[in-house]
Amino acid sequence: MNDTYAGRTITRDGQLLLEKAEKDRVETVWDRFENQLPQCGYCEMGLSCRICVMGPCRIDPFGEGPQKGVCGADADIIVARNLCRMIAAGAASHSDHGRDLIEVLDEVAKGKASGYRIRDAEKLKRVASEYGISSDGKDDLKIAEQLAYAMQEDFGTRKKALTLLRRAPARRRQVWDKFGIAPRGIDRETAEMMHRTHMGVDNNWQSLLLQALRNALSDGWGGSMIATELSDILFGTPKPAATAVNVGVLKKDQVNIIVHGHNPVVSEMVLLACRSEDLLQLATSKGAAGINLAGVCCTGNELLMRSGVAMAGNHLTTELVLTTGAVDMMIVDYQCIMPSLGTVAACYHTRMVSTSDKARFPGMEHREFHPDNAAEAARALVKEAIENFTNRGEVYIPVEPVNAVGGFSVETILGALGGTPQPLIDALKSGTIRGAVGIVGCNNPRIRQDFGHVTLAKRLIENDILVVDTGCAAVATAKAGFKAADAAQMAGPGLREICSALGIPPVLHMGSCVDNVRILVLASVLANALGTDISDLPIAGAAPEWYSEKAVAIGAYFVASGVYTVLGPMPPVTGSINVVKLLTEGLQDVVGATFSVEPDPEKAALAIRRHIEEKRQGLGLPAQKV
Amino acid sequence: MKKVIVHPERCVGCMQCMPACAAAHSRSRKLFAAILESPVPKPRIHVGVGLCHEGFPNRCRHCDPAPCLLACLPGAIFRDEELDTVLIDPDKCINCASCAMACPFGVIRYHEDCHAPPGKVVAVKCDNCFERQEKGLIPACVEVCKVNALTFEEPGAALKRKTDEVARSVSLGVSQAELPAGSPRFALLIGHKRKELHVGQP
């Protein structure tokens, strides 16, 4: 194996397909990363400002060149404003995804969204009651209509605080109130963030960053949380189900359709179509043994969580999966879809289809999905994918898939524990489990693919720390076998005992990237049961291979919710030592948690273990020296 | 005589010197207009990638004796003594690449250029922006470099400054000596990238 391929990814399928890509002259994300080197140091440090047209400006980090932008903003202000805008973009992305689900719920309630229905009426009633909507004497559709309306109000300007903040422990809400960072409206916080970073508005780097935390919280306890809850109501609350992962999930003798993106609104309809009898018969008539739907990225995670749909790969695999020549159609919605995919697909027979009115891509056909036409649009696309099966050229599926179990919603985890968090709390108290860590986030060509996720998860479970993960991190650890039924063997003795008793793997798949809110809810359940704050729990977050603005928003709402969070790649902040110190030290006195940056997962694991033991000590639980 | 001096430890890899150089050698001398010209102007300074993905602005050193000049059979390459600059006459150039083979720094490229006969591919390299200097301007790459990785100064003054820096480091002792790059902020970034690059490599 060529060393270059092994240096780019730890995955066997990735290495073999990189070789195939080179043979097929397909340019990949890694090639483009190398073409970009060296990357601009001003931008990497957050010291370039493109906010207004008196600029663009940059600050000389060596202190001899310009120290202020044309407007007079210094390094602290410029770095803070840039970070704030990243968080605003991340929060906007998750929250707009949430808004799309409200629209579907509303149209279901009004009978305009054929194909969609309420699949978890019990959860509908539960969430509605949190919004003060009584279910007495109302049918589900009426409740849905009122819930959709109430959630739309969370997006607006009329509320003083987001409804779902009530899920957070009382002490956490007091912290937010004390520093004025309890989010009021989901869109309002993003709009205010953009306003405050306009030239000549907020020029105090501390108050800017506090608003960034409020904006991030409007994502975590607002937009993303609504997205997750409504996805459960519309498509079912996840339950553990067997699945398979890596490029080996593609089937040589079946029609392969891949869904890519984030919102289950599209992929669920494609799944429905793939399981319809007449289309299966059509597939057989074309010589295919069936229709094989698989996912990449987070819409794949949505299907995996709820229906056990197989997962072909995470972010850096999205181009490589096309080089198998086995994908008859890739259907995308939005977020993290590289605009290069159409070019890659052009080398094979793969048909590429974009579906969202807000996301278009070069080299893709655009077939718009709306709640009222989605079921039919999905059927039409699946039919065309089947017809494309006969156009296949050479197919190369180089590996066998790895088995995994997914589907660990908070409801499922508590259910497995007998309906109460008490067994988990007992295990934490006794030290059988030292703590819990959420590993989240993306892939990034700066980090050898999956090395950060897999190494960190391995070291944590070996040391009796339960890992919950989402997004591309969850796919990485699944590919590495940590979610197989017998994966408890890889855990330390305490965690192994608990996992074996419950029949669960030591690394629990909690969903897509909006589903990070499941981790917030679980942390709140634990904190409430212990009568304490999230920041006192022996827990941590990590994003070992993050790349996106959404990941910055997630990291910021984790920290603002009291969760110590370790990042792998460096955010563009080193241009201001003040901002670096606030994020890595100063926030401790504000929200009781900080960021840390450590690209080496071995060292990140040590830092997290130390943090967990300190928190155990703080709670008066038996602690170890790390 | 003032010269362009490269301070590699300060290069942040923004590559702004490259488009500035290309625009300075275009017909219009303006970046926005230059990208619409034919032939599209190309830079004479090239930012390379170091081991930690840091940048290095690579440009003609105007060597003396200059290996490219000695290798140029048609005599297209000559030294302008007054400017202390090695120049290429595009009319005499025969595009044989001998100069590139001789150049130890790889800074000679071959393409069409607005200063050459139309349609003719010629050897192109840094000319120390002599046209700008005649107008009292400093070389374009130096003007655009805000971190002083490229400076235009008397070599003696630059060497004295460096000598003084070393002297200060010695008197401060190793523990308190300033970081070579002189910026804790840049050092933090480069330190992180160095770690990132080696994480998990086979």
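Residues numbered from 1 in each chain as written. Chains lettered and ligands numbered in written order. Predicted model: local features only at pLDDT ≥ 70, side-chain atom pairs only at ≥ 80, totals over all residues.

**A few points about the interface of chain A and chain B**
Filter applied, for reference: Any residue pair is listed as a contact if its two C-beta atoms, each placed from the backbone, are within 7 Å. Going along the chain from the N terminus, every DSSP run of H or I of four or more residues is numbered as a helix, and every run of E of two or more is numbered as a strand. Gly is placed with the polar residues, together with every amino acid not listed as nonpolar (Ala, Val, Leu, Ile, Met, Phe, Trp, Tyr, Cys and Pro) or charged (Asp, Glu, Lys and Arg).
Listed by partner, the interface residues are 32 residues for chain A and 27 residues for chain B. At the level of secondary structure, the elements contributing two or more residues to the side of chain A that touches chain B comprise α1 (3–8), α4 (41–45) and α18 (451–462) of chain A. The element that contributes the greatest number of residues to the side of chain A that touches chain B is α4(A), accounting for four residues. Taken together, the residues of the side of chain A that touches chain B break down into 16 nonpolar, eight polar and eight charged.

**Quick word on the sheet that holds strand β16 (residues 595–597) of chain A**
Residue and element names in this part refer to chain A. The line we're drawing: Strands are labelled as partners when DSSP assigns at least two bridges between them. Lines fitted to the C-alpha atoms define the axes, with helices restricted to the stretch that makes contact. Angles between their N-to-C directions range from 0 to 180 degrees.
In spatial order, the strands read β13-β12-β11-β14-β15-β16; together these six strands make up an open sheet with parallel pairing. Whereas interior strands pair on both sides, the edge strands pair on one side only; in this sheet they are β13 (507–511) and β16. The mean inter-strand angle of the sheet, taken between neighbouring strand axes irrespective of direction, is 25°.

**Overview of the environment of C347(A)**
Its place among the elements puts C347(A) in the loop between α14 (341–345) and β8 (351–354). For the pair C347(A) and V517(A), spaced 170 residues apart in sequence, the C-alpha to C-alpha distance is 39 Å.

**Examining the domain arrangement of chain A**
Residue and element names in this part refer to chain A. Worth spelling out the cut-off: In this document the domain limits rely on a domain assignment from an automatic tool or a database.
The assigned domain composition of chain A is domain 1 (3–58), domain 2 (75–235), domain 3 (247–391) and domain 4 (407–618). Measuring from the centre of the C-alpha atoms in domain 1 to the corresponding centre in domain 4 gives 27 Å. On the domain 4 side, the residues contacting the 14 residues of domain 1 number 12 residues. Of all the secondary structure elements, the ones that give two or more residues to the side of domain 1 that touches domain 4 are α1, α3 (29–36) and α4. The residue inventory of the side of domain 1 that touches domain 4, partitioned by class, reads seven nonpolar, five polar and two charged.

**Observations concerning helix α6 (residues 121–130) of chain A**
Residue and element names in this part refer to chain A. Note the following rule: Whether a residue is buried, exposed or partly exposed follows from its count of other C-beta atoms within 10 Å of its own C-beta, namely 20 or more, 12 or fewer, or something in between, respectively; the C-beta atoms are built from the backbone. Directions drawn from the helix axis to the C-beta atoms are what define this arc.
Within α6 the residues assigned to the buried category are L124, V127 and A128. In a view along the axis of α6, the buried residues occupy a sector of 105°, so they form one face of it. In this fold, the buried residues of α6 make contact with α7 (140–155) and α10 (205–235).

**Some thoughts on the confidence of the model for chain B**
Short version of the rule: pLDDT is a per-residue confidence score from the predictor, ranging from 0 to 100.
Taken as a whole, chain B shows an average pLDDT of 91; of its residues, 96% reach a score of 70 or greater. Of the two predicted TM-score estimates for the complex, the pTM is 0.93 and the ipTM is 0.81.

**Description of the packing of α18(A) against helix α25 (residues 601–618) of chain A**
All names here are of chain A. How we decide: Here the angle decides the label: under 35 degrees means roughly parallel, over 145 means roughly antiparallel, 65 to 115 means roughly perpendicular, and every other value means oblique. Each crossing gets its hand from how the near helix is turned against the far one by less than a right angle, where anticlockwise is left-handed and clockwise is right-handed.
Contact geometry for α18 and α25: axes closest at 8 Å, N-to-C directions at 40°. Considering their axes alone, α18 and α25 lie oblique with respect to each other. In terms of crossing hand, the pair formed by α18 and α25 is right-handed. Residues F451, G452, T455, L456, R459 and L460 of α18 form the contact with α25, whose own contacting residues are P601, E602, A604, A605 and I608. When grouped by side-chain class, the residues that make up the contact of α18 with α25 number seven nonpolar, two polar and two charged.

**Observations concerning the domain arrangement of chain B**
Each assigned domain of chain B is listed with its residue range as follows: domain 1 (60–125) and domain 2 (157–198). Here domain 1 of chain B and domain 2 of chain B have C-alpha centroids that lie 36 Å from each other.

**With respect to the environment of A487(A)**
All names here are of chain A. Note that A487 resides in the loop between α19 (471–479) and α20 (493–502). With 17 residues separating them in the primary sequence, A487 and I504 have C-alpha atoms 8.4 Å apart. Not counting chain neighbours up to four residues away, the residues in contact with A487 comprise G481, F482, P505, P506 and V507.

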